[in-house]
Amino acid sequence: MDKVAVAVLFGGRSSEHSISSATAGGVLAAIDRERFRVIPVGITRDGAFVLEDDDPTKFALDPARLPEVVDNGTRVLWPDSARSRELRVVDAAGTRSLGDVDVVLPILHGRFGEDGTIQGFLELLDIPYAGAGLLMSAIGMDKDTTKNVLRAAGVPVVPWVSVTRPGLERDREMWERRIRGLGLPVFVKPARAGSSVGVSRVDAWEELDAALETAFAEDGTVLVEQAVSGRELECGVLEARDGGLPRVSVAGEVVLSGREFYDFAAKYLGADGIDLVCPAPLRDGELAELQRVAARAFEAIGGQGLSRVDCFFTGAEFFVNEVNTMPGFTPISMFPKCWVASGMSYPELITEVIDTALTRS
């Protein structure tokens with residue numbers, strides 16, 4: 001039987017370029033080569049599609065040197081209509097075929113990849129792809145929209161205020177009054193960014209302006225969220241198969257020990273002050289309720305592909321913080337950790353995500 005041709009798409013134009021590249025390193029090392037023929041397609045920071053090396057070590061996550069896709073002079077050419085699925089590459093030797101692609105695995109984080117942009121591009125070409133669809137990706141990428149959708153669906157969310165720079169300039173007093181109504185501390189974050197990029201904790205109102213500027217550097221819309229005193233718990237969710245319910249992993253817990261929050265350095269650079277505990281110690285009833293809330297949140301924004309649902313647990317109630325439609329997928333990331341703790345290996349998880357896309361197509 002011919003192998004399934006998978007174009008692994010990574011890198012991209014967002015501030016999470018390096019994390020996407022690191023995810024590619026993990027996927028390239030673990031994907032089942034007996035079943036899949038891999039075409040590694042990198043997107044440079046400038047948006048060029050290049051044929052990358054099929055070398056996992058090139059994209060290993062190293063605190064001293066974050067991996068990235070550089071312009072190697074090649075250009076991957078996508079089909080010119082929905083009648084073809086043939087990928088070609090132009091390099092110094094000319095133009096050659098890479099063969100037909102059966103499915104794209106877009107392990108892109110942030111804007112221009114996780115926000116529906118690449119999903120719309122692939123739908124225009126009628127090429128199957130793994131993960132969330134266009135609308136779900138767009139909703140999940142925008143934290144303000146996600147919270148509004150979840151709240152409308154009856155899913156408990158953390159109180160927040162969403163603000164833009166023009167809004168602040170028009171009526172600073174009103175917006176400050178709304179923000180201060182949340183109480184201290186608060187978290188300030190860009191509406192459309194991930195991996196804790198641009199996120200600040202504010203413990204005194206004198207720190208608010210600097211936090212807003214940090215977030216506005218990433219996005220024109222910023223969320224100010226009420227801090228919740230409780231445990232930080234995360235579950236992996238996979239799309240339902242054969243008409244069933246979404247599948248939810250056991251929970252992982254982010255335990256802070258000397259760090260204010262789970263920031264970029266702690267997530268990816270091995271910084272001290274954070275422990276990832278998986279499975280998290282929960283009573284059976286608590287885990288069942290967390291899984292119910294996670295599945296409900298996943299379905300509310302579209303229910304396709306995969307997600308990591310992040311929650312706060314006060315001891316009495318779960319609040320959904322975020323729904324990540326393409327969560328960190330490196331071998332050390334929480335999403336794979338939760339599924340490994342649930343009995344699914346990292347290679348099996350990659351296969352599951354691809355197979356779901358092929359079944360859906």
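For clarity, every value in this text was computed on a predicted model and none was experimentally measured.

## Re the pattern of salt bridges
- Within the structure shown, the criterion is met by 23 salt bridges.
- Put simply, R308 and D310 hold a salt bridge, and the shortest N to O gap is 2.8 Å.
- Overall, the relative accessible area of 10% leaves R308 in the buried class.
- You can call D310 buried: its relative accessible area is 9%.
- Sharing partners across several salt bridges, the network here consists of K147, K189, E225 and E322.

## Remarks on helix α4 (residues 143-152)
- Of all the positions in α4, only K143, D144, T146, K147 and L150 are classed as buried. Here the buried residues of α4 occupy an arc of 160° about the axis, which is enough to place them on one side.
- Two or three places before D144, at the start of α4, stands the capping residue D142, its side-chain oxygen 3.0 Å from that residue's backbone nitrogen.
- The positive-phi residue at the C-terminal boundary of α4 is G154, with phi of around 80°.

## Comments concerning the packing of helix α1 (residues 17-30) against helix α11 (residues 346-360)
- α11 packs onto α1 with a crossing angle of 100° between their chain directions and a minimal axis gap of 9 Å. Here α11 runs roughly perpendicular to α1, going by the angle between their axes. Contacts from T23, G26, V27 and A30 in α1 reach Y346, P347 and I350 in α11.
- Residues of the contact of α1 with α11, tallied by class, amount to five nonpolar, two polar and no charged.

Cut-off values and rules
Residues numbered from 1 in each chain as written. Predicted model: local features only at pLDDT ≥ 70, side-chain atom pairs only at ≥ 80, totals over all residues. Heavy atoms only, no water. Salt bridge = Lys/Arg side-chain N within 4 Å of Asp/Glu carboxyl O. Buried < 20%, exposed > 50% of the residue type's maximum accessible area, 1.4 Å probe, protein only. Helix = DSSP H or I, 4+ residues; strand = E, 2+ residues; numbered from the N terminus. Arc of directions from axis to C-beta. Polar contact = N/O pair within 3.5 Å; in protein donor to acceptor, adjacent residues only side chain to side chain. Axes fitted to C-alpha atoms, helices over the stretch in contact; angles between N-to-C directions. Parallel < 35°, antiparallel > 145°, perpendicular 65-115°, else oblique. Contact = heavy atoms within 4.5 Å. Nonpolar A, V, L, I, M, F, W, Y, C, P; charged D, E, K, R; others polar.

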